[in-house]
Amino acid sequence: RLTFELMRLLLISVGRRMPTWVNEGFADYAQRLRGSARLELVEVEPGKRSQKTDVERLVREEGERLLSVAPPDCRLVALDIMGKQLSSEDLAQKLGNWIDQAQDVALLAGGADGLSAQVLEQAAECWSLSRFTLAHSLVRVVIAEQLYRAHSIVMGLPYQRTRRPTKRT
């Protein structure tokens, strides 16, 4: 695959001060993803929570912060439990198309209470990483690994192993 422009993948995530293992895991996969794409993390401040917090307002404000740091010309992808689940191969196909088009992509990860309706409406796509509810710190590592895996598939690198599902009885 010949590419002339480097595409940017931005993970825009609510939250700061993550555990060391989260920062190291994300950084490891982001560093591995070289060549035609670059993965960057952009953190936005979470809302302050208390027993009297208006959660709807807090989620709306976090959503506004997420959208405010997304570059205006990039494709927005919301990460939400109700989104579409993709296989690694599906993600590789999408990533390959974005690389070919030099399309920058912002993946939007909400805080503890999820994404606002505004974020979900403005996103071109909505993905679920799992039907499990994942800690938003874990989402950072999972999405970085999956983007690296998809990039490896696109570039024909040996990281991805294809395995046929086995039928359990």
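The structure we're discussing is the one just above.
Summarised in this report is the structure supplied together with it.

1. Points about the pattern of salt bridges
Working step 1: Following the criterion strictly, the structure yields 11 salt bridges and no others.
Working step 2: Note that Arg 16 is salt-bridged to Glu 45, the shortest N-O span being 2.7 Å. Of this pair, Arg 16 sits in the loop between β1 (7–14) and α1 (20–32) while Glu 45 sits in the loop between β2 (37–44) and α2 (55–69), placing them 29 residues apart in sequence.
Working step 3: Among the salt bridges present, the one from Arg 140 reaches Glu 43, with a minimum N-O distance of 2.7 Å. Of the two residues, Arg 140 sits in helix α5 (residues 136–155) while Glu 43 sits in strand β2, which places them 97 residues apart along the sequence.
Working step 4: The exposure class assigned to Arg 140 is buried, which follows from its relative accessible area of 1%.

2. Considerations on the sheet that holds β2
Two strands in a sheet stick together by hydrogen bonds in their backbones, pointing the same way (parallel) or opposite ways (antiparallel).
Working step 1: If you trace the five strands from one edge of the open sheet to the other, you get β2-β1-β4-β3-β5, paired in parallel fashion. At either margin of the open sheet sits one strand with a lone partner, and together these are β2 and β5 (125–128). Adjacent strand axes in the sheet meet at a mean angle of 30 degrees when their direction is disregarded.
Working step 2: Strand direction decides the pairing type here: β1 and strand β4 (residues 105–109), joined by five bridges, are parallel. Directly across from Ile 12, in β4, lies its bridge partner Leu 108.

3. Some remarks on the environment of Val 42
Working step 1: Along the chain, Val 42 falls in strand β2.
Working step 2: Spatially, the C-alpha atom of Val 42 lies 8.0 Å from that of Val 69, the residues being 27 residues apart in sequence.
Working step 3: Other than its neighbours up to four places away in sequence, Val 42 contacts Leu 10, Leu 11, Ile 12, Ser 13 and Val 69.

Cut-offs and rules
- Residues numbered from 1 in each chain as written.
- Predicted model: local features only at pLDDT ≥ 70, side-chain atom pairs only at ≥ 80, totals over all residues.
- Heavy atoms only, no water.
- Salt bridge = Lys/Arg side-chain N within 4 Å of Asp/Glu carboxyl O.
- Helix = DSSP H or I, 4+ residues; strand = E, 2+ residues; numbered from the N terminus.
- Buried < 20%, exposed > 50% of the residue type's maximum accessible area, 1.4 Å probe, protein only.
- Pairing = 2+ DSSP bridges.
- Axes fitted to C-alpha atoms, helices over the stretch in contact; angles between N-to-C directions.
- Contact = heavy atoms within 4.5 Å.

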